[in-house]
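A structural walkthrough
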Amino acid sequence: MAKVSYKPGDLDSDVAKAAGPLQVMTYPKGLNFKVEVEFDAKMEKEIGADALLAQKMWLGVREVYEDLVRRIGENLKNTDRGAIQLRNAKEIDKLKKLVDVVNRGIEGATKIAEEAAKKAVLAHYEGLKKKRKDYAKYKIKIVVTITGATAGLATSIALIGASGFSGGVSGALGIVSMAKSVSVIATEVVSAAQTVEQSLSTLRIQLQAVHRIWGEAKGKGRAVRGHANEIAAATLKEFLGLPMPSAKQCQSNLDTASEKLGGLDVKTHDISKKVSNMMLDSSAMQNDFIYKANARLSKHPDPQALKKYGPKLIGNLQKAVKPGNDAIKALVLAIDQNLKRLDKCKVDLAKLAKEVEEVNKIRNSNKWTENAYKVLDNSLMVANNILAGSLSGNGLVQGADNIVTNVVPVATSFAYDKISAVVFADGDLKKALW
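Keep in mind the model is a prediction, meaning the values are calculated, not measured. (Residues numbered from 1 in each chain as written. Predicted model: local features only at pLDDT ≥ 70, side-chain atom pairs only at ≥ 80, totals over all residues. Heavy atoms only, no water.)

**Brief notes about the pattern of salt bridges**
Stated precisely, the cut-off is as follows: We define a salt bridge as a contact between a side-chain nitrogen of Lys or Arg and a carboxyl oxygen of Asp or Glu at a distance within 4 Å. Only DSSP runs of H or I reaching four residues or more are called helices, and only runs of E reaching two or more are called strands; each is numbered from the N terminus. Relative accessible area decides the class of each residue, using a 1.4 Å probe on protein chains only: under 20% of the type maximum gives buried, over 50% gives exposed, and in between gives partly exposed.
Overall, the coordinates contain 12 salt bridges when judged by the stated rule. A salt bridge links Asp 67 to Arg 70; its shortest N-O distance comes to 2.8 Å. Of the two residues, Asp 67 and Arg 70 are both situated in helix H3 (residues 51-88); the distance of 3 residues between them amounts to about one turn of the helix. Exposure remark for Asp 67: the relative accessible area of 27% places this residue in the partly exposed category. The salt bridge involving Glu 107 is made with Lys 111; its shortest N-O contact spans 3.7 Å.

Shown next as structure tokens:
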């Protein structure tokens, strides 16, 4: 037996040309059209020598092939128009049904084409037998193979976000809520820091005033000392609005600073815990998002959706949450710096407390001796050095204010709608962000 085979064309390519550009539907891949005719070896020489005979044999097959291409192409072209509307409306279930209809149509068309191709070859052979009586005693075997393939959807992962997708929404809302809570506490820390700074600034002036009063009264009588007190009191009240400088007032401002500094320390540690939880919540939010997105992908109209879109979805999610995670890291750094600053302030405040204690001892003893003045001079010098260090300026206020500033990007970046827009973006991520 001899065989001759015929392939009318590249079915994948020809169908794509017939369908034209598609926006939603994808062309079927793997279509193949092949005809094999098996005949008696005695016919082989004649058929091989007659090129025109072979061409005529495949004429009907070519017509069947072209009809199949036209049918599938028109089917895809018409379906794509409806698919565009369903995609825009995010009608996932209807899109899935539409793809099933298209593929059943392709399967039916190929079966019809197989039968038509066989009939075309057989009809041609019957015609030959009428012309060549000697062919009548031969039989031929015709095998038409049309490998089917399925069309799909070129739909984007935006479809995953349709129908109320809520993966990670509670986590994102929790992070935003916690960020707001941190902002409130941080604002309280700023207020406490301002009180600390104000108390210490007043303490500096009071210590200097006490030193001045006692210095002016050095070696003089009680009346002179009283006069110096009056001058200092009038000056402070008129120009600074401060109470009469005294050891008692120094102690009062020191106590206020100590109390507020302790509260500031507690609140900053509270902020630190909340921010640590925000980091954990961010990770949990992403895991929840991916878990639910995968579940949605498994129901996507495109059966290959998980493989196609899964990696892109994860990449988009990481890009979406990166600004928020970076803001949390900046917040952690700001808190860590402020805690270190607070630790140093507590050490210096303890030293300052000892100096004020010395002032109180001398003030209460009423011993106006050379030794007492030396102690005062030394105390004031040490106190001023301390007040010129970690407890000076507005370092505490700036540190607390930095925390408030860094909280804002966290809340902004974890807006769920913005995250979803980036994750399910069809094109430019920047466009989705803004």
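Structure's up, so let's keep going.
**Brief notes about helix H1 (residues 11-19)**
Structurally, the α-helix is built with 3.6 residues per turn, so residues lying three or four positions apart point the same way. This is how the line gets drawn: Each C-beta atom gives one direction from the helix axis, and the arc is the one those directions make.
Within the span of H1, buried status applies to Leu 11, Asp 12, Val 15 and Ala 19. Burial along H1 is one-sided: seen end-on, the buried residues are contained in an arc of 100°. Just downstream of H1, Gly 20 is the residue with a positive phi angle, here 80°.

**Considering the packing of aromatic side chains**
Inclusion rule: Working definition: rings of Phe, Tyr and Trp (its six-membered ring) pair if their centres are within 6.5 Å, and the pair is stacked with planes under 30 degrees apart, edge-to-face with planes over 60 apart, and tilted otherwise.
Scanning the entire structure with this criterion turns up 3 aromatic pairs. Summarising the aromatic geometry, the rings of Phe 33 and Tyr 65 are spaced 5.3 Å apart at their centres and angled 90° between planes, so their arrangement reads as edge-to-face. Taken as a pair, Phe 33 in strand S3 (residues 32-39) and Tyr 65 in helix H3 lie far apart in primary sequence, 32 residues in all.

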